[in-house]
Amino acid sequence: MNWQLEVLGTQVNASSFFPRVAIIGLGLIGSSIARGTIALGLAGEVVATDGSADVRQRAQELGLAHRITDTNAEAVQDADLVIACVPVGAYGAVAKDIASHLKSGAIVSDVGSVKAAVLKDMAAHLPDTIDFIPAHPVAGTEHSGPDAGFAELFVNRWCILTPSEAASPDGIERLKAFWQALGANVETMTAEHHDLVLAITSHLPHLIAYTIVGTAEELEGVTESEVLKFSAGGFRDFTRIAASDPTMWRDVFLNNKDAVLEMLGEFQEDLSKLTRAIRRGDGDALFEHFSRTRAIRRGILSIGQDAASPDFGRPHQGLPPKGEDDKP
Ligand code: NAP
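Just so it is clear, the model here is predicted, and its values are computed rather than measured.

Definitions and cut-offs
- Residues numbered from 1 in each chain as written.
- Predicted model: local features only at pLDDT ≥ 70, side-chain atom pairs only at ≥ 80, totals over all residues.
- Heavy atoms only, no water.
- Helix = DSSP H or I, 4+ residues; strand = E, 2+ residues; numbered from the N terminus.
- Buried < 20%, exposed > 50% of the residue type's maximum accessible area, 1.4 Å probe, protein only.
- Contact = heavy atoms within 4.5 Å.
- Areas by Shrake-Rupley, 256 points an atom, 1.4 Å probe, with all protein chains shown as cover.
- Lys, Arg positive; Asp, Glu negative; His and termini not counted.
- Charge placed at Lys NZ, Arg CZ, Asp CG, Glu CD.
- Polar contact = N/O pair within 3.5 Å; in protein donor to acceptor, adjacent residues only side chain to side chain.
- Pairing = 2+ DSSP bridges.
- Domains from an automatic or database assignment.
- Buried area = accessible area lost by both parts, 1.4 Å probe.
- Salt bridge = Lys/Arg side-chain N within 4 Å of Asp/Glu carboxyl O.
- Nonpolar A, V, L, I, M, F, W, Y, C, P; charged D, E, K, R; others polar.
- 1 Å grid on protein atoms, 1.4 Å probe; cavity = no way out; pocket = protein on both sides within 12 Å on 5 of 7 lines; lining within 4 Å.
- Points joined across faces, edges and corners; volume = space filled by probe spheres on them.
- Core = buried A, V, L, I, M, F, W, Y, C linked by side-chain atoms within 4.5 Å.
- Near = heavy atom within 4 Å.

Some thoughts on the overall build of the chain
Here is step 1 of the chain: Of the regular secondary structure elements, the chain holds twelve helices and eleven strands.
Here is step 2 of the chain: The C-alpha extent of the chain, read off along each of the three principal axes, is 70 × 55 × 40 Å.
Here is step 3 of the chain: Expressed as a percentage of its 328 residues, the buried residues of the chain come to 40%.
Here is step 4 of the chain: Sequence-distant contacts, at least 24 apart, represent 74% of the contacts inside the chain between residues at least 6 apart.
Here is step 5 of the chain: Carbon and sulfur atoms make up 55% of the accessible area of the chain, which totals about 17,900 Å².
Here is step 6 of the chain: Computed over 28 positive and 44 negative side-chain charges, the inter-centroid distance for the chain is 4 Å.

Spelled out as structure tokens, the structure:
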């Protein structure tokens, strides 16, 4: 096959096409992959399933796949690419379910936010007749479930592949082409390095958001209604992150313990330095620190990983009508 077309703003080529793709878990990420795969024509057939009967029913109503099966084992039958999209703690169970039903030569992947633990959990069950290539699309929202997904979720976001040494170069290229066709930029690294990088860029920020929102809830001397009313001062930006799925994040911290604890140690040291600067009234130290962090934000904008609109692009209401008495 030698064809190329552009859909959803991305180039789709033959190597990203799979006759049958199976998706296990139809939450935010699984349903987004399913939507994108169908919209872009990346598979002859998309077969999907979910552990929850309600989600399967909803997926049917939304037309998320060509076929919805009741079990994980049925979904992977004859699939050329299998992508598990379940909470980090559930990948081992999924691998066990599907192991004896996989087609020889199939690519098996995942989307877990932690890689070393998921790789270990799945590899323990998967046969060596398949190509196992773990992946993590670094894209998401604070919403969960099949209604939350959308086909464009991965456009201009990164997808990190963490193949084991046993993975075939051809399988890696094909999975890379699939993610690129969904609009993602793809990078490859070891699972251990992924976990360290994501500990600082994703896991620690979530922990801080969960902490600060919890602290505000338990404050004495400031009422809850005041916290909500004056949240535009910065607090509400943390609440978006702290609204993320509790199951997903519980599993992330349980499974990336060492890297998170390492980053938390660094963070606590820096927090102590800032605490000291505030206590001593050291304005120069505070100014120098805040100038450095401002440059990081500018760097993120300059590589197109966020929009430059002020206040994260939130719409601002118009001015109130001018009163009669105020007329000049
Ligand atoms: P989600 O919206 O909660 O969906 C996960 C789905 O998997 C649920 O419908 C769940 O059903 C189902 N499930 C759980 N165990 C299963 C099993 N053994 N077999 C079949 N289905 C099962 O989660 P998500 O946000 O899409 O996250 C999925 C994965 O993507 C996680 O590994 C997460 O680390 C990763 N990820 C998430 C984001 C993000 O921002 N959300 C970003 C990148 C990567 P029940 O509800 O019945 O358990």
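Considerations on the side chain of histidine 194
Here is step 1 of the chain: Looking at where histidine 194 falls in the secondary structure, it is placed in helix α7 (residues 191-218).
Here is step 2 of the chain: Polar side-chain contacts of histidine 194 include one of 2.8 Å to the side chain of aspartate 195.
Here is step 3 of the chain: Discounting chain neighbours no more than four positions away, the residues touching histidine 194 are Ser113, Val114, Lys115, His136, Ile160, Thr162 and Met189.

Side note on the sheet that holds strand β6 (residues 81-84)
Pairing between sheet strands relies on hydrogen bonds along the backbone, with the strands arranged either parallel or antiparallel.
Here is step 1 of the chain: Spatial strand order, β5-β4-β3-β6-β7-β8: six strands in an open sheet with parallel pairing. Each edge of the open sheet carries a strand with a single partner, namely β5 (67-68) and β8 (131-132).
Here is step 2 of the chain: Summarising the sheet, strand β7 (residues 107-110) and β8 pair through two bridges and their orientation is parallel. Bridged to valine 108 within β8 is phenylalanine 132.

Some details on the environment of aspartate 131
Here is step 1 of the chain: Relative to the helices and strands, aspartate 131 resides in strand β8.
Here is step 2 of the chain: In this structure the C-alpha to C-alpha distance between aspartate 131 and glycine 63, which are 68 residues apart in sequence, comes to 29 Å.
Here is step 3 of the chain: With sequence-adjacent residues up to four places away left out, aspartate 131 is seen in contact with Ala106, Ile107, Val108, Ala166, Ala167, Ser168 and Gly171.

Topic: the domain arrangement of the chain
Here is step 1 of the chain: For the chain, the assigned domains read domain 1 (4-189) and domain 2 (194-307).
Here is step 2 of the chain: Computed from C-alpha coordinates alone, the two centres of domain 1 and domain 2 are separated by 30 Å.
Here is step 3 of the chain: On the side of domain 2, 16 residues touch domain 1, which itself brings 18 residues to the contact.
Here is step 4 of the chain: Here domain 1 packs against domain 2, burying approximately 1,400 Å² in sum over the two surfaces, 56% of which is carbon and sulfur.
Here is step 5 of the chain: Per-residue buried area on domain 1 facing domain 2 is highest for Ser113, Val114 and Glu142; these three make up 35% of the total on that side.
Here is step 6 of the chain: At the junction of domain 1 and domain 2, the tally comes to one salt bridge.
Here is step 7 of the chain: Glutamate 142 serves as the salt-bridge partner of arginine 240, at 3.2 Å between the closest nitrogen and oxygen.
Here is step 8 of the chain: Between the two partners, domain 1 and domain 2, sit nine residue pairs in polar contact (both at pLDDT 80 or more).
Here is step 9 of the chain: Of all the elements in the fold, those that place two or more residues in the side of domain 1 that touches domain 2 are α5 (116-123), β9 (135-138) and β10 (158-161).
Here is step 10 of the chain: Per-class residue counts for the side of domain 1 that touches domain 2 are nine nonpolar, six polar and three charged.

Remarks on the layout of surface pockets
Here is step 1 of the chain: Quantified by volume, the second largest pocket comes out at close to 160 Å³.
Here is step 2 of the chain: Taken together, Leu119, Ala123, Leu126, Pro127, Asp128, Ile130, Phe132, Ser164, Ala166 and Ala167 form the lining of the second largest pocket.
Here is step 3 of the chain: Along the lines of polarity and charge, the residues of the lining of the second largest pocket split into eight nonpolar, one polar and one charged.

Topic: the nonpolar core
Across soluble globular proteins, you tend to see nonpolar side chains buried next to one another.
Here is step 1 of the chain: Among the nonpolar cores identified, the biggest contains 73 residues, and Ile33 and Trp179 are the most heavily contacted of them.
Here is step 2 of the chain: When residues are assigned to domains, this core turns out to be shared by domain 1 (4-189) and domain 2 (194-307), each giving three or more.
Here is step 3 of the chain: Setting aside anything within four residues of it in sequence, one finds isoleucine 33 in contact with Ile23, Ile83, Cys85, Val111, Phe154, Phe178, Trp179 and Leu182.

Quick look at the site of the ligand
Here is step 1 of the chain: Close to the ligand lie 28 residues, the nearest being Ile29, Asp50, Gly51, Val86 and Ser113.
Here is step 2 of the chain: A distance of 2.9 Å separates an oxygen atom of the ligand from a polar atom in the backbone of isoleucine 29.
Here is step 3 of the chain: The side chain of aspartate 50 places a nitrogen or oxygen atom 2.7 Å from an oxygen atom of the ligand.
Here is step 4 of the chain: Surface burial for the ligand is 80%, taken as the share of its 900 Å² of free accessible area covered by protein chains.
Here is step 5 of the chain: In terms of residue class, the shell around the ligand is made up of 15 nonpolar, twelve polar and one charged.

A word on unusual backbone geometry
Here is step 1 of the chain: Positive phi values are uncommon outside glycine, yet asparagine 156 reaches one of about 65 degrees.
Here is step 2 of the chain: Structurally, the position occupied by asparagine 156 is in the loop between β9 and β10.
Here is step 3 of the chain: When its relative accessible area of 34% is taken as the criterion, asparagine 156 is described as partly exposed.
Here is step 4 of the chain: Positive phi, normally seen in glycine, also occurs at aspartate 311, with a value near 55 degrees.
Here is step 5 of the chain: Topologically, aspartate 311 is positioned in the segment after α12 (283-302).
Here is step 6 of the chain: Classification of aspartate 311 as partly exposed rests on a relative accessible area of 29%.

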